[in-house]
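Reading the structure
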Amino acid sequence: QVQLVESGGGLVQPGGSLRLSCAASVSIFSFSAMRWYRQAPGQERELVAAITSGGRTNYAASVKGRFTISKDNALSTVYLQMNSLKPEDTAVYYCNGQVALHDYWGQGTQVTVSS
């Protein structure tokens, strides 16, 4: 089965940067889109960024100008570069890949922004 594995989370100070990675067990050409979601305790899961197979990107308003989603097809990996991090960015970040009508999810990686 398709597996997605996130990595790169951790503790970072406000204003700092972090890069998340999502490695897929299959070629990311298989996905019509790949996305990053995040979820904080007691809150709903929200879409942070998305990238289509053609390279088009979309971002949540709260992260525009600070986060960048990208992909490396050869490595079957998508990335989320997070700059100018704020405490409100603290959440578990999940990688999501869409194939036809099916969504695949990673296990999540914790990002904590705190002094």
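Above this text is the structure in question.
This section reports on the structure supplied with the text. Counting from 1, residues in each chain are numbered in the order their sequence is written. With the structure being a predicted model, the display of local features is reserved for residues of pLDDT at least 70 and the display and counting of side-chain atom pairs for 80 or more, all residues being used for whole-chain, interface and lining totals. Hydrogens are left out, water is left out, and the side-chain values use all remaining heavy atoms of the structure.

1. Points about the overall build of the protein chain
Let me state the cut-off plainly: Going along the chain from the N terminus, every DSSP run of H or I of four or more residues is numbered as a helix, and every run of E of two or more is numbered as a strand. Two things to know: the radius of gyration comes from C-alpha atoms, and the globule rule equals 2.2 Å times the number of residues to the power 0.38. For every residue, the accessible area obtained with a 1.4 Å probe (protein chains only) is divided by the maximum for its type, and the residue is called buried under 20%, exposed over 50%, and partly exposed between those limits. For the accessible areas, the method is Shrake-Rupley and the probe is 1.4 Å, while residue cover comes only from the protein chains on display. By the counting rule applied here, Lys and Arg register as positive and Asp and Glu as negative, while His and the ends of each chain are not counted. By convention, the charge on Lys lies at NZ, on Arg at CZ, on Asp at CG and on Glu at CD.
Helix and strand counts for the protein chain stand at zero helices and eleven strands. Shown N-terminal to C-terminal, the secondary structure of the protein chain runs as helices and strands in the order β-β-β-β-β-β-β-β-β-β-β. A compact globule built from 115 residues should have a C-alpha radius of gyration of about 13 Å, and the protein chain, at 13 Å, falls within 12% of that. Its C-alpha atoms put the protein chain at 40 × 25 × 25 Å along the principal axes. When burial is assessed residue by residue, the protein chain has 41% of its 115 residues classed as buried. Accessible area of the protein chain: about 6100 Å², with a carbon and sulfur share of 48%. Between the centroid of the 9 positive side chains of the protein chain and the centroid of its 7 negative side chains there is a distance of 6 Å.

2. Details of unusual backbone geometry
With phi around 50°, Ser76 is a residue other than glycine that occupies positive phi space. For Ser76, the location among the structural elements is in the loop between β7 (67-72) and β8 (77-82). Given the relative accessible area of 12%, Ser76 is considered buried. A positive phi angle is found at Ser84, which is not glycine, with a value near 50°. Here Ser84 is to be found in the loop between β8 and β9 (91-99). A residue is classified by how much of its surface remains accessible, and Ser84, at 41% relative accessible area, is partly exposed.

3. Digging into the state of the cysteines
Our working definition: Any cysteine sulfur atom paired with another within 2.5 Å is treated as part of a disulfide.
Evaluated as defined, the whole model comprises one disulfide. Paired by a disulfide, Cys22 and Cys95 hold their sulfur atoms 2.0 Å apart. The sign of the -80° torsion about the S-S bond sets the Cys22-Cys95 disulfide as left-handed. Of this pair, Cys22 sits in strand β3 (residues 18-24) while Cys95 sits in strand β9, placing them 73 residues apart in sequence.

4. Digging into the environment of Ala61
Its place among the elements puts Ala61 in the loop between β6 (57-59) and β7. In this structure, the C-alpha to C-alpha distance between Ala61 and Val48, residues 13 residues apart in sequence, is 8.5 Å.

5. Comments concerning the nonpolar core
For clarity, the threshold we go by: Definition used in this section: a nonpolar core is a set of buried Ala, Val, Leu, Ile, Met, Phe, Trp, Tyr and Cys residues joined via side-chain atoms within 4.5 Å. The contact criterion used throughout is that any non-hydrogen atoms of two residues lie within 4.5 Å.
In this structure, Met34, Trp36, Leu80, Met82 and Tyr93 are the most contacted members of the largest nonpolar core, which totals 27 residues. For this core, the secondary-structure elements that each account for two or more residues are β3, β4 (33-39), β5 (46-52), β7, β8, β9 and β11 (109-113). Those residues in contact with Leu80 that lie beyond four places of it in its chain are Leu18, Arg19, Leu20, Trp36, Val48, Ala49, Phe67, Thr68, Ile69 and Tyr93.

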